[in-house]
Amino acid sequence: MVTTWDDRYEGVWERLLLSLPGEAVDTLTRVSWIQAPHYYVDLRQPRGLRGKVRATCLAELRMDEAHLLSGQQGFAGTFALQGQEATWLRGIDYQPPGELGDRGRLEVEGDLLIEHGIEADYIEYWQRDAAGADGGAVSMGARFVSVDDGCPVIMVRHGAQFGYARARGRTVGRNIDLARMVGQADMAAARDLLDCEIAVGRVTPEGWLIDRSTLPWREGAMLLAANAAIAGDMLA
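What this report covers is the structure whose coordinates are included nearby. Just so it is clear, the model here is predicted, and its values are computed rather than measured. (Residues numbered from 1 in each chain as written. Predicted model: local features only at pLDDT ≥ 70, side-chain atom pairs only at ≥ 80, totals over all residues. Heavy atoms only, no water.)

### Some details on the sheet that holds strand 11 (residues 161-166)
Line of reasoning, step 1. Judged by pairing direction, the sheet is antiparallel, and its six strands sit side by side in the order 9-10-11-12-13-14 without closing on themselves. Since the sheet does not close on itself, it has two edges, and those belong to strand 9 (139-145) and strand 14 (222-225), each with one partner. Strand-to-strand twist in this sheet, taken as the mean axis angle between neighbours without regard to direction, amounts to 20°.
Line of reasoning, step 2. The pairing of strand 9 with strand 10 (residues 152-158) spans seven bridges and is classified as antiparallel. Of the residues in strand 10, the one forming a bridge with Arg143 is Ile154. (Pairing = 2+ DSSP bridges. Helix = DSSP H or I, 4+ residues; strand = E, 2+ residues; numbered from the N terminus. Axes fitted to C-alpha atoms, helices over the stretch in contact; angles between N-to-C directions.)

So, in structure tokens, the structure goes:
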């Protein structure tokens, strides 16, 4: 397969809608996708989740809060393009992986992108985020192993916005429902299952500020110092 790149796909995208056969059109799930030339990060959170988890760290998480968090989605990995057909290879996935690949045919109309599913039947409409629409913004990405816990990490940055993904420390099987796994687990195991962070945020003069995260107690925290940078597939 010949892989190409089209810089029209680069940037920060917010989903407008998801259409699935036989289902109501979803315009309420909040979805942010940050795409660099090679890596990407994608965070998807149900409406109304913010403010419902009162835990200030993973150790304080209660089972009712764990059930709420298990409904989130998020993933990160590498992006491959052949003509208008895109493949998002997931290196990190909040939900256990399924059998179908993440492949779509892309149509770009200015700052609107329409994605038609190839292996799965769906249509998504995406709007380029105005804050990341600056044509001079630079995109970059990195993939490495965390020195703190040995977990794989993928990061992307476009302009002043970034995406961050850290895998959980335990392996989960394919085609398994995360909510069911959490419901059948004891509290310690449930916390381990949910200890996977997908986050998006902004680079500010004070540092890399997390705006949204699958671990809500991390929102408002500084991920990195202001002078941190992505260079040569690594974090500097």
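### Digging into the packing of aromatic side chains
Line of reasoning, step 1. Per the stated rule, a full pass over the model turns up seven aromatic pairs.
Line of reasoning, step 2. With a centroid separation of 6.4 Å and an interplanar angle of 70°, the aromatic rings of Tyr40 and Phe75 are classed as edge-to-face. Pair noted here: Tyr40 is in strand 3 (residues 39-45) and Phe75 is in strand 4 (residues 73-82), with a separation of 35 residues, a long-range link.
Line of reasoning, step 3. Under the relative-accessibility criterion, Tyr40 is labelled buried at 1%.
Line of reasoning, step 4. Ring plane angle 55° and centroid distance 5.6 Å describe the contact between Phe79 and Trp88, whose orientation is recorded as tilted. We note that Phe79, like Trp88, is buried.
Line of reasoning, step 5. A network of ring pairs unites the aromatic residues Trp5, Trp13, Trp33, Phe79, Trp88 and Trp126 as a single cluster.
Line of reasoning, step 6. Directly above the ring of Phe75 sits Arg90, whose terminal nitrogen or CZ lies 3.6 Å from the centroid.
Line of reasoning, step 7. Across the ring face of Tyr94, the terminal group of Arg168 is positioned such that the distance to the ring centre comes to 5.9 Å. (Phe/Tyr/Trp six-rings, centres within 6.5 Å; stacked < 30°, edge-to-face > 60°. Buried < 20%, exposed > 50% of the residue type's maximum accessible area, 1.4 Å probe, protein only. Lys NZ or Arg CZ within 6 Å of the ring centre and 35° of its normal.)

So yeah, pure geometry; function would need other evidence.
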